[in-house]
Amino acid sequence: MTVWDDLVGQEKVSAVLGAAARDADALVTAAAAGEPLPEASKMTHAWLFTGPPGAGRNQTARAFAAALQCVSPDRALGGTPGCGFCDGCHTALLGTHADVNTVAAVGSEILVKDMRDTVRKSYTAPATGRWQIILVEDAERLNEKSANAVLKAVEEPAPRTVWLLCAPSVEDVLPTIRSRCRHLNLRTPSVEAVADMLVRRDGIEPGVAAAAARATQGHVDRARRLATDPAARERRAAVLKLPLRLDEVGACLRAAQELVDAAAEDAKQLAEEMDGKEAEELKAALGAAQGGRLPRGTAGVMKDLEDMQKRRRTRTQRDSLDVALGDLTGFYRDVLALQLGSRVAIANADAGDALERLARGSGPEATLRRIEAIAACREALDRNVAPLLAVEAMTMALRAG
């Protein structure tokens, strides 16, 4: 199983990256042997991966990072880098490779203080691997200062440093940064391709896999979670019942509170799993005795960790809300399809009765206004509007139609 096997429906992108990985391997091998470097190469120092949610931007970048760090002996025999089994591939895919540094937004932005150490690291030679790789998972969340720090590093890269930036679209990245990157655009995988992957890789029963892939419209990560997590299926079922409950103002406010509370519970569960472990590991690294006090002068470090964890909880809550809003959008899109006389590719076939009821009870214009209300809610959350206020405004608009 190669590193490219995880890229669902991205055959053209895999071919481009495979060719670049072969040229990158030839560059490193020639430099190590003191031989002249190849004149023509498909490898470059900065890449920008774009595509809609669920297309697998981060997975694609990480697979490429693994191929660049591949140390399989088969490469010398003409094999393509990215075997998936060697130490370089394995650690890069797990996120534990010393020379693959990942930056992701903890809160709504990637702050410059989160980038400083990474930018400094980008100017150092690889410690154990073949390349020094910087993977920025949420490049669209770089603020002005952190984006300028990245720009300087991309303009003047170290010889064996590669930047991999991931964003929804090229417009989400500074023109000065994207002009220095090779751009690859990923497409949303087909429902059939995602269902096949769930059956083949995760052992999901074909019917369940097909239903999860159809419900998430090709979003790989959400489809996997929906197929494997009963709690996720329960939350989705609750969201799909919400449109039938919005018959009065009080019901709208209760529904909004329930959506926000469910998202907060998701964030709380993640925090319980991660926050305590991170705090204990940091205390041990700072030299605190078991159950004892921290050394003098380290309180600020602990405060920084607490601030980061608080930002992460906020981000997790908003991400969970966004999943629910995506489910609602898909529901009303199905209603619109029925109103327009189409039954092709209905995503929420398991909610057929509710879809039929709403399709009969209103017209296409009202359904479009409801879809726009959900989009407005998502935009408000992106602007850091209080979640409860944004969702209450949305549920009232859904009721009005």
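## Some words on the nonpolar core
Soluble globular proteins: nonpolar side chains tend toward being buried together.
Then, number 1: By size, the foremost hydrophobic cluster in this structure holds 35 residues, and its most contacted members are Met 43, Trp 47, Phe 49, Phe 64 and Leu 164.
Then, number 2: If you list the elements that add at least two residues to this core, you get helix H1 (11-33), strand S1 (46-50), helix H2 (57-68), helix H3 (87-94), strand S3 (132-136) and strand S4 (161-167).
Then, number 3: Apart from the residues lying within four places of it in its own chain, the contact partners of Phe 64 are Trp 4, Leu 17, Ala 20, Ala 21, Met 43, Trp 47, Phe 49 and Leu 164.

## Concerning the packing of helix H4 (residues 112-122) against helix H5 (residues 144-155)
Then, number 1: Relative orientation of the contacting elements H4 and H5 amounts to 10 degrees, with a least axis distance of 9 Å. What the angle tells us is that H4 and H5 run roughly parallel. Touching Val 112, Met 115, Val 119 and Ser 122 of H4 are Lys 145, Ser 146, Ala 149, Val 150 and Ala 153, all from H5.
Then, number 2: The residue inventory of the contact of H4 with H5, partitioned by class, reads 6 nonpolar, 2 polar and 1 charged.

## Here's the deal with the environment of Val 173
Then, number 1: Mapped onto the elements of the fold, Val 173 is located in the loop between S4 and helix H6 (175-178).
Then, number 2: On the accessibility criterion, Val 173 (5% relative accessible area) is buried.
Then, number 3: With 32 residues separating them along the chain, Val 173 and Arg 141 place their C-alpha atoms 8.8 Å apart.
Then, number 4: Residues within four places of Val 173 in sequence aside, it is in contact with Leu 48, Ala 139, Ala 167 and Arg 178.

## Examining the pattern of salt bridges
Then, number 1: Tallied over the entire structure, the rule returns 15 salt bridges.
Then, number 2: We note a salt bridge from Arg 187 to Glu 11, for which the minimum N-O separation is 4.0 Å. Residue Arg 187 is found in the loop between strand S5 (182-185) and helix H7 (191-202), and its partner Glu 11 is found in helix H1; the two are separated by 176 residues along the sequence.
Then, number 3: Exposure remark for Arg 187: the relative accessible area of 49% places this residue in the partly exposed category.

## Topic: the pairing of S3
Then, number 1: Across the 5 residues of S3, 5 count as buried, placing the element largely inside the fold.
Then, number 2: By the alternation rule, side chains of S3 split into Gln 132, Ile 134 and Val 136 and Ile 133 and Leu 135, which are all buried.
Then, number 3: Pairing between strand S2 (residues 100-103) and S3: 4 bridges, direction parallel. Residue pairing across strands places Val 103 opposite Val 136, the latter belonging to S3.
Then, number 4: As a crossover connection, the stretch from S2 through H4 into S3 is right-handed.
Then, number 5: Pairing of S3 with S4, which is carried by 5 bridges, proceeds in the parallel orientation. Bridging from a neighbouring strand, Ile 134 pairs with Trp 163 of S4.
Then, number 6: Assessed by its sense of winding, the connection that carries the chain from S3 through H5 to S4 is right-handed.

## Re the packing of aromatic side chains
Then, number 1: The tally for this structure, following the rule as stated, stands at 2 aromatic pairs.
Then, number 2: Centroid distance Phe 331 to Tyr 332: 5.6 Å. Interplanar angle 90 degrees. Geometry classified as edge-to-face. Side by side, Phe 331 and Tyr 332 carry an identical accessibility label, which is buried.

## Here we look at the environment of Leu 135
Then, number 1: Following the sequence through the fold, Leu 135 ends up in strand S3.
Then, number 2: Along the sequence, Leu 135 and Glu 258 sit 123 residues apart, while their C-alpha atoms lie 36 Å from each other.

## Quick notes on the packing of H7 against helix H8 (residues 206-216)
Then, number 1: Direction vectors running N to C along H7 and H8 enclose 140 degrees, while the axes themselves pass 8 Å from each other. Between H7 and H8, the crossing angle belongs to the class labelled oblique. As H7 packs across H8, the resulting crossing turns out to be right-handed. Contacts between H7 and H8 pair Val 191, Val 194, Ala 195, Leu 198 and Val 199 from the former with Pro 206, Ala 209, Ala 210, Ala 212, Ala 213 and Arg 214 from the latter.
Then, number 2: Within the contact of H7 with H8, the residues separate by chemical class into 10 nonpolar, no polar and 1 charged.

## A word on the side chain of Asn 348
Then, number 1: As for its position among the elements, Asn 348 is in the loop between helix H12 (299-339) and helix H13 (352-361).
Then, number 2: A polar atom in the side chain of Asn 348 sits 3.5 Å from the backbone oxygen of Gly 330.
Then, number 3: Here Asn 348 is in contact with Arg 236, Leu 240, Gly 330, Phe 331, Asp 334 and Leu 355, once residues within four sequence places are set aside.

## Notes on the side chain of Asn 101
Then, number 1: Within the secondary structure, Asn 101 is located in strand S2.
Then, number 2: Since its relative accessible area comes to 18%, Asn 101 is described here as buried.
Then, number 3: When residues no more than four places from it in sequence are discounted, the contact partners of Asn 101 are Lys 121, Gln 132, Ile 133, Ile 134 and Leu 135.

## Some details on the sheet that holds S2
Then, number 1: One open sheet accounts for 5 strands, arranged S2-S3-S4-S1-S5; its pairing is parallel. In this open sheet, the two edge strands, each paired with only one partner strand, are S2 and S5. Each strand axis lies, on average, 15 degrees off the axis of its neighbour in the sheet, ignoring direction.
Then, number 2: Both S1 and S4 contribute to a ladder of 5 bridges, which runs parallel. Across the sheet, Trp 47 pairs through a bridge with Leu 164, a residue of S4.
Then, number 3: Sitting on the sheet, H1 touches S1 and S5, and the angle it makes with S5 is about 150 degrees.

Parameters and conventions
Residues numbered from 1 in each chain as written. Predicted model: local features only at pLDDT ≥ 70, side-chain atom pairs only at ≥ 80, totals over all residues. Heavy atoms only, no water. Core = buried A, V, L, I, M, F, W, Y, C linked by side-chain atoms within 4.5 Å. Buried < 20%, exposed > 50% of the residue type's maximum accessible area, 1.4 Å probe, protein only. Helix = DSSP H or I, 4+ residues; strand = E, 2+ residues; numbered from the N terminus. Contact = heavy atoms within 4.5 Å. Axes fitted to C-alpha atoms, helices over the stretch in contact; angles between N-to-C directions. Parallel < 35°, antiparallel > 145°, perpendicular 65-115°, else oblique. Nonpolar A, V, L, I, M, F, W, Y, C, P; charged D, E, K, R; others polar. Salt bridge = Lys/Arg side-chain N within 4 Å of Asp/Glu carboxyl O. Pairing = 2+ DSSP bridges. Right-handed = clockwise from strand over helix to strand, strands pointing away. Phe/Tyr/Trp six-rings, centres within 6.5 Å; stacked < 30°, edge-to-face > 60°. Left-handed = near helix turned anticlockwise from the far one by under 90°. Polar contact = N/O pair within 3.5 Å; in protein donor to acceptor, adjacent residues only side chain to side chain.

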